[in-house]
Amino acid sequence: MTAFVPLPLTLVLDTPRPGALRVAVGGDLDFTTAGELLTTVAAALDGGSLTDVHLDCGGLRICDSSGLSALLTVHRHAAAAGARLHLDERPPALDRLLDVSGTYEHLTGEPATSDRWHSTTSD
């Protein structure tokens, strides 16, 4: 039996252009690490000069319900600061979590994709 080994959360910040923040998120976004994401993004938003916050989720391995709550809170903080949240390079597991939780369209601005998760058979 193989034991599950959690990966630490990594956050790498970059400012690709004025008003934009890119945060490369890697590892596990879960109960033990969600606060780190919140603290990091909230501190960046405190300056008041951001118009876009891009979370690059390409390196994200796991996102549990606490991670989802953190994403919703980041979205709320960004909107309150006048910035738009973008969830870039989402892995399929994150899209699935957003879809089944009913938060896909709210967090991505894209239409919900429920039909992609349900297999259909023709008779």
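Owing to the predicted nature of the structure, the values given are computational and were not obtained by experimental measurement.

> Is there a simple way to explain helix α1 (residues 34-45) in this structure?
Residues three or four positions apart in an α-helix share a direction because the helix packs 3.6 residues into each turn. With twelve residues, α1 should cover 16 Å at 1.5 Å per step; its first-to-last C-alpha distance of 17 Å lies within 8% of that length. Three or more residues of α1 are buried, namely Ala34, Leu37, Val41 and Leu45. Angularly, the buried residues of α1 cover 65 degrees about the axis, an arc narrow enough to put them on a single face. Of the surrounding elements, those touching the buried residues of α1 are β1 (10-14), β2 (20-29), β3 (52-63) and α2 (65-80).

> Sorry, what's going on with the nonpolar core here?
In terms of nonpolar packing, the biggest core is built from 29 residues, with Leu37, Val53, Leu55 and Leu71 touching the most fellow members. Elements with a contribution of two residues or more to this core: β2, α1, β3, α2, β4 (84-88), α3 (92-100) and α4 (104-108). Setting aside residues up to four positions removed in sequence, Leu71 forms contacts with Leu29, Leu37, Leu55, Cys63, Leu85, Leu87, Leu94 and Leu107.

> Just checking my understanding: could you explain unusual backbone geometry for this structure?
Excluding glycine, residues mostly have negative phi values, and the peptide bonds linking residues are mostly trans. You will see that Glu89, though not glycine, has its phi angle at about 50 degrees, which is positive. Looking at the element boundaries, Glu89 is found in the loop between β4 and α3.

> What is the right way to look at the state of the cysteines in this model?
Note: disulfide means a covalent bond formed between the sulfur atoms of two cysteine side chains. Scanning all chains against the criterion turns up zero disulfides. With no disulfide of its own, Cys63 has Cys57 as its nearest cysteine by sulfur position, at a separation of 7.9 Å.

Criteria and thresholds
Residues numbered from 1 in each chain as written. Predicted model: local features only at pLDDT ≥ 70, side-chain atom pairs only at ≥ 80, totals over all residues. Heavy atoms only, no water. Helix = DSSP H or I, 4+ residues; strand = E, 2+ residues; numbered from the N terminus. Expected span 1.5 Å × (residues − 1). Buried < 20%, exposed > 50% of the residue type's maximum accessible area, 1.4 Å probe, protein only. Arc of directions from axis to C-beta. Contact = heavy atoms within 4.5 Å. Core = buried A, V, L, I, M, F, W, Y, C linked by side-chain atoms within 4.5 Å. Disulfide = S-S within 2.5 Å.

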